[in-house]
Amino acid sequence: MPAPDPAQLVAAMPFAELLGATVVEATPDRVVVTLTHRPELCTAGGLLHGGVLMSLADSAGGLCAFLGLPEGATTATTSSHTVLLRAVRGGTVTATARVAHRGRRDVVVDTELTDDEGRAVSRTTQTQAVLPPRQ
């Protein structure tokens with residue numbers, strides 16, 4: 001099976017595409033997505049908005065869960081917990097999502113966001129429901 005095309009993966013997630021996310025690596029066990037700091041994604045003082053960070057983590061985690069699903073199935077986030085650790089004032093944020101548990105009904109993904117210096121920005125644990133193909 002050929003590796004998925006990163007541009008097509010982002011295009012399949014319109015909100016992630018709107019944010020400007022770039023898929024760097026994508027396997028069923030690990031996904032890496034980057035996002036460049038831009039003024040329109042910021043809150044007061046030029047800080048990258050926390051919602052943007054959570055959206056990046058959700059997108060990376062959702063993609064990681066999706067890539068390991070049975071053919072025709074899809075997924076949706078049912079719970080998400082994020083701890084914001086550090087402000088981002090510039091550069092690129094990297095989201096690395098890894099599967100913690102893959103079951104028949106749900107997938108749990110841990111996602112770490114880091115800044116250009118490799119420092120932890122946030123950590124997210126999310127649960128994705130496995131939705132069977134529609135009949």
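That block above? That's the structure.
A. Just the pattern of salt bridges, in detail. The final tally for this structure, using the stated rule, is five salt bridges. A salt bridge links R123 to E112, with the shortest nitrogen-to-oxygen separation between them at 3.0 Å. Separated by 11 residues along the polypeptide, R123 in strand β6 (residues 120-131) and E112 in strand β5 (residues 106-114) bring together distant segments of the chain. Accessibility expressed as a relative area gives 46% for R123, which makes it partly exposed. By sharing partners, the salt bridges in this structure join D115, E117 and R119 into a single network.

B. Representation of the sheet that holds strand β4 (residues 92-102) in the model. If you walk across this open sheet you meet the six strands as β1-β2-β4-β5-β6-β3, and the pairing is antiparallel. Pairing within the sheet leaves two strands with one partner each, and these edge strands are β1 (22-26) and β3 (74-84). Neighbour-to-neighbour, the strand axes of this sheet turn through a mean angle of 20°, independent of strand direction. Strand direction decides the pairing type here: β4 and β5, joined by eight bridges, are antiparallel. Within the sheet, the bridge partner assigned to A97 lies in β5 and is T111. Packed on one face of the sheet, helix α3 (residues 50-67) meets β1, β2 (30-36), β3, β4, β5 and β6 and runs near 45° to β4.

So, how was this worked out
Residues numbered from 1 in each chain as written. Predicted model: local features only at pLDDT ≥ 70, side-chain atom pairs only at ≥ 80, totals over all residues. Heavy atoms only, no water. Salt bridge = Lys/Arg side-chain N within 4 Å of Asp/Glu carboxyl O. Helix = DSSP H or I, 4+ residues; strand = E, 2+ residues; numbered from the N terminus. Buried < 20%, exposed > 50% of the residue type's maximum accessible area, 1.4 Å probe, protein only. Pairing = 2+ DSSP bridges. Axes fitted to C-alpha atoms, helices over the stretch in contact; angles between N-to-C directions. Contact = heavy atoms within 4.5 Å.

Purely geometric numbers; function is a separate question.
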